[in-house]
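Structural overview
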Amino acid sequence: MAGAGPAPILFNEFFQMFMKSMPPNGWPVNSKIAVGNSGGPDSTCLLFLISKLLSDLRSIAMTKQPMPTSVVSLSVNHNLQETSHSMAARSEANAKAMGIEHLTLDIPWGTPPFSAKPVTGQPVEQIAREARYHVVFDGMTRTGAHSVAFGHHADDQVETSLMRLARGTTELGAGGMRRYRRWGMGTGDVEDGLGWVGHHGLNRWIVRPLLDVRKDRILATCEEHKLDYVNDPTNFQPAVTLRNAIRQMLKLQEEGKDMSALSGLPDHISGSLEKIQRAAADLQENPMDLTGGIHQLHGAVKVLSSRVEDVDNEVTLHLKNLTLPSPPSTLIISSHALPVIVDPTVRLAFVLRVMRYVSFHPWGSLRADGNRRKSSIQRIIDTLWRSDGAPPFTAGGGVLWQPAIFSAQRRLRVGTQCYDLKLYPGERRAWIACRLPAVPFHALTTSPLPPKLDIDITERLVNAMSRGDGSLEVLFDCRFLVRFDLSQIPEELVGALKNYQKTGVNVRIKPWTKFYWPKVLLRQPLCKDTVYATMMEDGRIDTLGHRPWISMEYIRLLDAS
């Protein structure tokens, strides 16, 4: 008697999956969730399940937790294949058949910030991914969605883990995708450039409720509920992308077939497959046997994913115990307590978390993690955990590490001399992580600064006032959010800004102090600068006698995701 086929996903079961993918602070009250809808079986299934779940929750009390109250379908028309338009149309038709709001997002290739349409020989997959994420975030903004759900499943998780192994990832990366993560500030470094979302991305989330579900159960769910979907034909062409080649390799292994079907692949793909074989076997704690079939790989990747969650929790605890009261935008870590962290993977995650918090690169980007260069990160670990101290140093990520002497009663002492100085009662040795200076402190007021450190906000202020806006927000150095209450703007400044284009008057945000805290000033030709606000050592804002119309907040996070 033939065994039963894969079971469709039950609604109560999906409720548990959905709650496991909930962001740490919960779903906002009366929020909207978007679903990335390609028209394929994964996203069609997810769209159906979320819509059905939210509909059921409106009629029965399944949870006391706040939940999203509506869903919107977002599909992206890449305009890269002949089938792009038909797949986008199918996505829209499926959403409308379920009674769900839908928005199709076209990628306008060749229109800034988008590049020209990629062609053969270029990294098409990477270019398309960056463009797709850019328009999806725009779609979330336009529809008011707090989170976007993607239909990645357990098979995708295995493929992602193996792809990361090909790039030389650590065990943390081999754990694959997270159930939830902040969108982050984006991949771009230029405001309004491709991939840039700024501080808005710190309050938006990506969630993946189906990560524990195999593809065959998703197909069974579509069949059970008669859901119409399309298959992207390029997903089955191993020469197109590394992910496709991995998918084909695993399929051949599971069926016990010869690998010769993968011969003739482009050199970069075949080379990556060889790297995966070596890296999977070399994983220290959980080596992966690629010949064991997809079921065994599911288990191995799930163990790695659980390990990532355990490491995140341990790092959070260590940060709570080891961090000392720190000036804004810095982090002071007690040196004598660092040896309690013994596990090399936890040390790595600890350092990456600190770097992401202090760096001036976009939060959540690889640059904020020092591009995760193993040699650089290991240098940081080796230096911090030395018992004999070390001079100030940097090893990537835009972070400067300096020895310090901390006391709750005395002023913080920082610099090379600290590891030779005698400690007074109540003092302890520490490390302080802070922004890497762009220019020496003594030249901060005279040397030219990068544009992100010398922001002319005159036009933005004038335009906001002319529109009747009540406020203006400016992200400074990817670290501070400077807010202007335009209802309280000083009268003399309003007068000074009249005809600013002719008079040369301008309002700027510039750094001051060795930690590069923001300062707002008015610059007028032949006059001394008028300072309107500065951030102080205790985080308060000094408005220098002016009305408190400016606030400043350090917005980078110590969170794991």
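Residues numbered from 1 in each chain as written. Predicted model: local features only at pLDDT ≥ 70, side-chain atom pairs only at ≥ 80, totals over all residues. Heavy atoms only, no water.

The protein chain appears in an unreviewed UniProt entry as tRNA(Ile)-lysidine synthetase from Rhizopogon vinicolor AM-OR11-026.

The subject of this paragraph is the overall build of the protein chain. The helix and strand tally for the protein chain stands at 15 helices and 20 strands. For 561 residues, the compact-globule estimate of 2.2 N^0.38 gives 24 Å, and the C-alpha radius of gyration of the protein chain, at 26 Å, lies within 12% of that figure. When the backbone C-alpha atoms are referred to their principal axes, the protein chain occupies close to 85 × 60 × 55 Å. Evaluated residue by residue, the protein chain yields a buried proportion of 52% over its 561 residues. Put simply, 66% of the contacts in the protein chain that link residues at least 6 apart link residues at least 24 apart. For the protein chain, the accessible surface area stands at approximately 26600 Å², while carbon and sulfur atoms represent 52% of it. Taking the average place of the 64 positive charges on the side chains of the protein chain and the average place of its 56 negative ones, the gap between the two points comes to 5 Å. (Helix = DSSP H or I, 4+ residues; strand = E, 2+ residues; numbered from the N terminus. Rg over C-alpha atoms; globule rule 2.2 N^0.38 Å. Buried < 20%, exposed > 50% of the residue type's maximum accessible area, 1.4 Å probe, protein only. Contact = heavy atoms within 4.5 Å. Areas by Shrake-Rupley, 256 points an atom, 1.4 Å probe, with all protein chains shown as cover. Lys, Arg positive; Asp, Glu negative; His and termini not counted. Charge placed at Lys NZ, Arg CZ, Asp CG, Glu CD.)

Attention shifts here to the environment of Glu13. The topology assignment puts Glu13 in helix α1 (residues 11-20). Spatially, the C-alpha atoms of Glu13 and Leu384 are 46 Å apart, while their sequence positions differ by 371 residues. Sequence-distant contacts of Glu13, defined by excluding residues within four places in its chain, comprise Pro8 and Arg217.

All of the buried residues along helix α12 (residues 374-384) are Ser376, Ile377, Ile380, Ile381, Thr383 and Leu384. For α12, the elements touching its buried residues are α11 (344-358), β9 (393-394), β10 (399-406) and β12 (428-435).

Within the open sheet, the three strands sit side by side as β14-β15-β20. Their pairing is antiparallel. With one partner strand each, in any of the chains shown, β14 (471-476) and β20 (550-554) form the two edges of the open sheet. For this sheet the average axis-to-axis angle between neighbouring strands, irrespective of direction, equals 20°. Pairing between strand β15 (residues 480-485) and β20: five bridges, direction antiparallel. Paired with Phe480 across the strands is Tyr554, a residue of β20. (Pairing = 2+ DSSP bridges. Axes fitted to C-alpha atoms, helices over the stretch in contact; angles between N-to-C directions.)

Once that is clear, we can look at the packing of aromatic side chains. Scanning the entire structure with this criterion turns up 15 aromatic pairs. A ring pair is formed by Tyr180 and Trp205, whose centres lie 6.2 Å apart and whose planes are at 65°; its orientation type is edge-to-face. Note that Tyr180 is positioned in strand β5 (residues 180-182) and Trp205 in strand β6 (residues 205-207), a separation of 25 residues in sequence. An angle of 75° between the planes, with centres 5.3 Å apart, marks the rings of Tyr357 and Tyr554 as edge-to-face. (Phe/Tyr/Trp six-rings, centres within 6.5 Å; stacked < 30°, edge-to-face > 60°.)

Next up on the list: the sheet that holds strand β19 (residues 541-542). Pairing is antiparallel across the open sheet formed by five strands, whose spatial order is β13-β16-β17-β18-β19. Strands at the two margins of the open sheet, each flanked by one partner only, are β13 (455-456) and β19. In the sheet, strand β18 (residues 530-535) pairs with β19 via two bridges, with the strands oriented antiparallel. Along β19, the bridge assignment pairs Thr534 with Asp542.

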